[in-house]
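Read off the chains here:
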Amino acid sequence: TFDTRAPLEIGAATINDVHGEKRPLTPREIVIHSSNIGSVQLALRVSDVAHYDFMEKLGFTQRLQFELPETGAPLMPVRWTDIERATTSFGHGFSVTPLHALVAGAAMVNGGGLYPPRLTRTDVSVGTRVISEPTSMVLRDMMREVVTIGTGKKANIKGYSVGGKTGTGKKANNAGGYYESRYMSTFAGFAPIDAPRFVTVVVI
């Protein structure tokens, strides 16, 4: 378990939880309850190289190859210290397009294979392995609980076995910081749980 009762101090930064449980959490509960404090502790248990390599493997460090030319390049930190690792662990401090999130999200729940996005049907039998199939099954189960008992309960639609992950981020301002009361809310969801066929990313 990881203690999430108090904010984390990393350098001059303070990491808080938006939906704080104020108790020790398991990795599963960190995902279900969107604990920033727990996410940071998990991320800092792996090496800085492994952390960055995984983001690179998910395609978060380069522009996606796609049929349409209008694809945005990700914005990644220029440094890679503990504070960058901490904030990227819960989705802050870097920026990717919704298509990046969609491709990576699909890989998390489809058995661990990352496939290039396409508008037209194509026969790609095997994607690039980014996580193991057992890990994908565990994540799928966790994301189902995000919807049934966690931060994504509004996506628990009757008649569909939906899983997903919520995200809340402050909007960036023009002064190099963030607005205190302006937010972007994101939900990356998939269905059905047992054999995912559809994945979607919604941003409000």
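Provided above is the structure to which this section pertains.
Residues numbered from 1 in each chain as written. Predicted model: local features only at pLDDT ≥ 70, side-chain atom pairs only at ≥ 80, totals over all residues. Heavy atoms only, no water.

Undergrad: Please explain the overall build of the chain as it appears in this structure.
TA: In terms of regular secondary structure, the chain is built from six helices and nine strands. Oriented by its inertia axes, the alpha-carbon framework of the chain measures out at about 50 × 40 × 35 Å. Going through the 204 residues of the chain one by one, you find that 33% of them count as buried. The contacts of the chain with a sequence gap of at least 6 include a subset with a gap of at least 24, amounting to 48%. In the form shown here, the chain has an accessible surface area of approximately 12200 Å², with 56% of it arising from carbon and sulfur atoms. (Helix = DSSP H or I, 4+ residues; strand = E, 2+ residues; numbered from the N terminus. Buried < 20%, exposed > 50% of the residue type's maximum accessible area, 1.4 Å probe, protein only. Contact = heavy atoms within 4.5 Å. Areas by Shrake-Rupley, 256 points an atom, 1.4 Å probe, with all protein chains shown as cover.)

Undergrad: Explanation requested: the packing of helix H2 (residues 36-43) against helix H4 (residues 82-89) in the structure shown.
TA: Two packed helices can be described by the angle between their axes and the distance between those axes. Running from N to C, H2 and H4 point in directions that differ by 125°, and their axes come no closer than 8 Å. Here H2 lies oblique to H4, going by the angle between them. The handedness of the crossing between H2 and H4 is right-handed. Touching Ser39, Val40 and Ala43 of H2 are Arg85, Ala86 and Ser89, all from H4. (Axes fitted to C-alpha atoms, helices over the stretch in contact; angles between N-to-C directions. Parallel < 35°, antiparallel > 145°, perpendicular 65-115°, else oblique. Left-handed = near helix turned anticlockwise from the far one by under 90°.)

Undergrad: I would appreciate a short explanation of the pairing of strand E9 (residues 198-203) in the present structure.
TA: Consecutive residues of a regular strand have side chains that alternate between opposite faces of the sheet. Pairing between strand E8 (residues 178-191) and E9: six bridges, direction antiparallel. Bridge assignment links Thr186 to a residue of E9, and that residue is Val203. Counted between consecutive antiparallel strands, the loop separating E8 from E9 contains six residues. (Pairing = 2+ DSSP bridges.)

Undergrad: Please explain the environment of Ser95 as it appears in this structure.
TA: Locating Ser95 in the fold gives a position in the loop between H4 and helix H5 (98-109). For the pair Ser95 and Ala6, spaced 89 residues apart in sequence, the C-alpha to C-alpha distance is 27 Å. The contacts of Ser95, once residues within four sequence positions are left out, are Pro74 and Leu75.

Undergrad: For this particular structure, what's the right way to read the sheet that holds E8?
TA: Whether parallel or antiparallel, the strands of a sheet pair through hydrogen bonds between backbone atoms. Spatial ordering of the open sheet is given by E7-E8-E9, a layout of three strands whose pairing is antiparallel. Of all the strands in the sheet, the pair left with one neighbour each is strand E7 (163-172) and E9. Geometrically, the sheet is characterised by an average inter-axis angle of 15° between neighbouring strands, direction not taken into account. Where E7 and E8 come together, nine bridges link them in antiparallel fashion. Counterpart to Gly167 in the pairing with E8 is Thr186. On top of the sheet, H5 reaches E8 and E9; it is set at about 140° to E9, its chief contact. Most of the contacts of helix H6 (residues 133-148) go to E7, to which it runs at about 70°, and overall it touches E7 and E8.

Undergrad: Got a minute to help me understand the nonpolar core in this structure?
TA: Side chains of a nonpolar character, in soluble globular proteins, are inclined to be buried together. Counting residues in each nonpolar core, the largest one holds 18 residues, and the members touching the most others are Met55, Leu58, Phe60, Met108, Leu114 and Val130. Looking at which element gives the most residues to this core, the answer is H5, with five residues. Look past the residues within four positions of Val130 in its chain and what remains in contact with it is Phe54, Lys57, Leu58, Ala107, Met108, Gly112 and Leu114. (Core = buried A, V, L, I, M, F, W, Y, C linked by side-chain atoms within 4.5 Å.)

Undergrad: Honestly, the environment of Asn110 in this entry has me stumped. Any pointers?
TA: Checked against the element boundaries, Asn110 lands in the loop between H5 and strand E5 (113-114). The exposure class assigned to Asn110 is partly exposed, which follows from its relative accessible area of 34%. Contacts of Asn110, omitting those with residues within four sequence positions, involve Tyr115, Ser136 and Arg140. In terms of polar contacts, Asn110 uses its side chain to reach the backbone amide nitrogen of Gly112, at 3.0 Å. (Polar contact = N/O pair within 3.5 Å; in protein donor to acceptor, adjacent residues only side chain to side chain.)

Undergrad: I tried to follow the side chain of Ser35 on my own but got confused; where do I start?
TA: As for its position among the elements, Ser35 is in the loop between helix H1 (27-32) and H2. Relative accessible area serves as the criterion here: at 2%, Ser35 is assigned to the buried category. Within the structure, the side chain of Ser35 is placed 2.9 Å from the side chain of Asp17, a separation counted as a polar contact. Here Gly38 takes part through its backbone nitrogen, which lies 2.9 Å from a polar atom of the side chain of Ser35.

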